[in-house]
Amino acid sequence: MYKIISFWSVLILAIISTNIYAQQNSGEQVLFTTSISDDATPAVLARIMKADKEPISEIKFEKGTYHFYPDKAYERFTRISNHDDVMAKTAIPLLGFDNLTIDGQGSTFIYHGRMIPFLIEGSENITVQNVTIDWAMSFHSEGTIVANDEKYNSFDIQFSDEYPYEIRNEQLIFIKEYYEHTLGQSILYDPARMAIAFDTEAYTPIVASRNSKVQHNLDKINYKYKVDPRSKVEKVRGKEDNLRAEELKPGTVRIFNHRKKLPPVGMILVCKGDQSLNRLAPAFRVTGTDGFNANNVTVHHAGGMGLIAENSSDLILDGFHVKPSHGRMVSTSADATHFVGCRGKVVLKNCTFNNQLDDATNVHGTYQEVMDILSENSIGVRMGHAQQQGFAIGKEKDTIGLVRLSDSFFAFDHLTLKNIQKINGRYQIITFNEKLPETLKIGDLIENLQGYPDLLVQNCNISSNRARGLLISNPKKTLIENNFFSTEMEAILVPVESSHWFESGNAANLTIRNNTFQDSQHSGFNRGIIRFVTDDDNDNIAFKNIQIIDNVFNQFDNMILEISNVDGLVFEGNKITNSGTFPMLYPENPAIRVKSSENIVFKKNDYKGKAKNILEKDDSMPKLKFR
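These figures come from a predicted structure and were not determined experimentally.

**Here we look at the nonpolar core**
The biggest cluster of nonpolar side chains holds 113 residues, and the ones touching the most others in it are Phe284, Phe292, Phe320 and Phe532. By residue number, the principal contributor to this core is strand β9 (residues 124–135), which donates five residues. In this structure Phe292 touches Ile120, Ile126, Val128, Phe284, Val286, Leu307, Ser313, Asp314, Leu315, Ile316 and Leu317, once residues within four positions along its chain are discounted. Of all hydrophobic cores here, the second largest spans 21 residues; its members include Leu172, Tyr203, Ile206 and Val253.

In structure tokens, the structure reads:
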């Protein structure tokens with residue numbers, strides 16, 4: 001009899017539909033040789049498809065370079081959190097596998113087009129080790145600014161042969177294998193530093209659209225239910241192309257109608273296409289899986305995240321390196337790693353997260369909005385963001401919190417989950433074992449109170465990337481120690497995010513110690529290096545029991561720490577200096593800003609920065625002093 005690993009009911013149905021069943025606990029040791037390297041997809045997939053009858057315990061690859069093409073790959077429709085919904089193609093669909101190790105033995109896997117190298121669902125104890133992942137053609141494009149012209153509000157970009165393009169209806173389109181993209185989202189890199197350019201926010205993003213000049217009767221369109229203005233359909237309404245592209249000579253293109261400052265000559269413009277179309281191919285997709293290890297794995301590129309994990313437990317990444325190859329400025333086109341609704345342990349140690357186009361990691365749950373009260377124990381809920389469609393908030397018997405953020409950032413009641421009925425990507429019916437409280441209202445939110453991990457981030461290098469280092473919404477336990485940070489935005493952002501991404505979770509029991517922070521927030525944002533913030537503008541406490549101890553802050557600008565909605569924070573033994581690396585952008589800022597907080601303690605810190613006012617505070621703690 002075949003064994004199927006129990007998971008959310010919607011996932012079980014998906015797994016059964018694939019006809020790929022879990023293998024037994026022991027099996028064959030399989031070795032692939034470089035004889036399949038021209039296109040390894042058919043051979044690797046064929047063996048995995050037989051694992052139900054011929055179990056596998058280990059897959060090894062003779063050291064070499066293996067190419068994987070999508071033409072003969074396994075395909076299934078897949079909703080991936082914080083990505084676009086895709087017809088995923090893969091050579092390695094690990095759907096319902098137990099106790100399997102994949103060892104590249106130092107090999108490099110080169111992918112072509114829209115593929116997911118490792119699609120891991122409903123499995124247990126999976127290890128991937130000693131392998132490097134890259135793409136023959138990147139999902140983003142890079143060009144050097146070679147001229148700009150204030151008179152005509154234009155700039156010229158030169159592209160190498162690595163980035164084929166065409167100009168279609170005066171729009172620049174980059175052509176890839178099995179894929180294409182527009183300018184879309186864009187940012188500047190400094191080739192001398194191999195990092196995001198200083199004050200890039202003054203020059204980018206390149207504004208690709210403007211308000212439409214002709215609109216007729218749009219106000220006649222009325223929706224009965226809430227509409228996501230960022231969805232693929234709604235986001236383009238009322239907009240038309242703003243930019244105009246003209247080829248000056250092969251490889252050099254002039255762009256007209258830029259709205260910000262013209263990008264400086266010598267900088268590298270990185271672009272990755274429209275925001276709702278450019279997260280299609282993460283390197284690892286792990287969902288509904290208990291026990292995943294990645295050891296000595298390098299991800300040079302991916303058309304999305306290096307690793308996205310959902311509703312999984314005990315994920316250990318030791319020596320997981322995200323960094324670019326072939327002289328590219330960019331590694332992954334989104335986060336290096338991302339964990340949604342995960343539990344148990346999440347460990348990131350001895351890792352490198354460099355040059356990705358979003359955060360090094362993001363750890364959070366998911367808010368879902370109550371749309372209907374259907375019976376005494378069932379509700380209809382809506383997925384808030386287009387890239388959360390189909391997400392299952394939990395499994396049977398999980399504790400689900402009921403949240404009204406206008407009153408508190410913590411649940412006002414809780415219930416245990418009985419089942420989830422998926423109606424469509426946006427809407428689900430959730431039934432609980434208990435009766436709903438009379439206080440529950442339409443518009444309240446739910447979150448899974450068990451869907452958070454104990455998190456360790458240790459001995460990692462997080463630098464040269466767009467956006468944040470760590471984005472942490474984790475009420476369990478988090479330890480961040482012995483890391484190096486140098487990021488475009490916040491090194492560590494601790495939010496409650498309830499209006500755009502609907503990422504649930506506040507922070508508690510967070511320790512940040514023995515880290516080095518070097519020149520973060522260098523892209524132009526007026527924010528702290530470590531920042532506690534909520535979407536909802538109220539004074540309610542959201543974050544508890546925070547320790548920031550024995551760190552080194554060597555910053556070019558003043559703002560080090562922003563504290564809001566915090567109860568219980570100790571800032572002790574930290575050394576703060578001014579690096580002088582860049583000119584100060586906000587010299588009027590204090591080093592530390594505190595508001596709507598209580599039980600904050602500063603002691604034994606060494607401040608040698610340049611802020612005229614070290615501590616700025618509101619009336620919540622009138623006697624607070626920096627020490």
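Back to the text.
**Regarding the environment of Gly303**
Position of Gly303 among the secondary structure elements: in the loop between β23 (290–299) and β24 (307–310). The sequence separation of Gly303 and Thr332 amounts to 29 residues, and the corresponding C-alpha distance is 6.4 Å. Sequence-distant contacts of Gly303, that is, excluding residues within four places in its chain, are made with Phe139, Asn278, Arg279, Leu280, Ala281, Pro282 and Ser333.

**Section: the sheet that holds strand β35 (residues 445–448)**
Overall, antiparallel pairing links the six strands, which are arranged β30-β31-β34-β33-β32-β35 in a closed barrel. The average angle at which neighbouring strand axes cross in this sheet is 45°, direction not considered. Pairing analysis gives five bridges linking strand β31 (residues 378–383) to strand β34 (residues 427–432), with the strands arranged antiparallel. Within the sheet, the bridge partner assigned to Gly380 lies in β34 and is Ile429.

**Quick look at empty space enclosed by the protein**
Within this structure, the stated rule accounts for five cavities of 30 Å³ or more. In this structure, the largest cavity encloses a volume near 90 Å³. Lining the largest cavity are 13 residues, and of these Gln521, Arg527, Asp557, Asn558 and Met559 lie nearest its centre. Here the lining of the largest cavity is built from residues that sort into five nonpolar, six polar and two charged.

**As for the pairing of strand β48 (residues 561–564)**
Of the two faces of β48, the one carrying Leu561 and Ile563 and the one carrying Glu562 and Ser564 are both buried. In this structure, strand β45 (residues 530–534) lies alongside β48, joined through two bridges in parallel fashion. In the sheet register, Arg531 faces β48, and the bridge partner there is Glu562. Looking at chain direction, β48 and strand β51 (residues 592–595) are connected through four bridges and run parallel.

Criteria and thresholds
- Residues numbered from 1 in each chain as written.
- Predicted model: local features only at pLDDT ≥ 70, side-chain atom pairs only at ≥ 80, totals over all residues.
- Heavy atoms only, no water.
- Core = buried A, V, L, I, M, F, W, Y, C linked by side-chain atoms within 4.5 Å.
- Buried < 20%, exposed > 50% of the residue type's maximum accessible area, 1.4 Å probe, protein only.
- Helix = DSSP H or I, 4+ residues; strand = E, 2+ residues; numbered from the N terminus.
- Contact = heavy atoms within 4.5 Å.
- Pairing = 2+ DSSP bridges.
- Axes fitted to C-alpha atoms, helices over the stretch in contact; angles between N-to-C directions.
- 1 Å grid on protein atoms, 1.4 Å probe; cavity = no way out; pocket = protein on both sides within 12 Å on 5 of 7 lines; lining within 4 Å.
- Points joined across faces, edges and corners; volume = space filled by probe spheres on them.
- Nonpolar A, V, L, I, M, F, W, Y, C, P; charged D, E, K, R; others polar.

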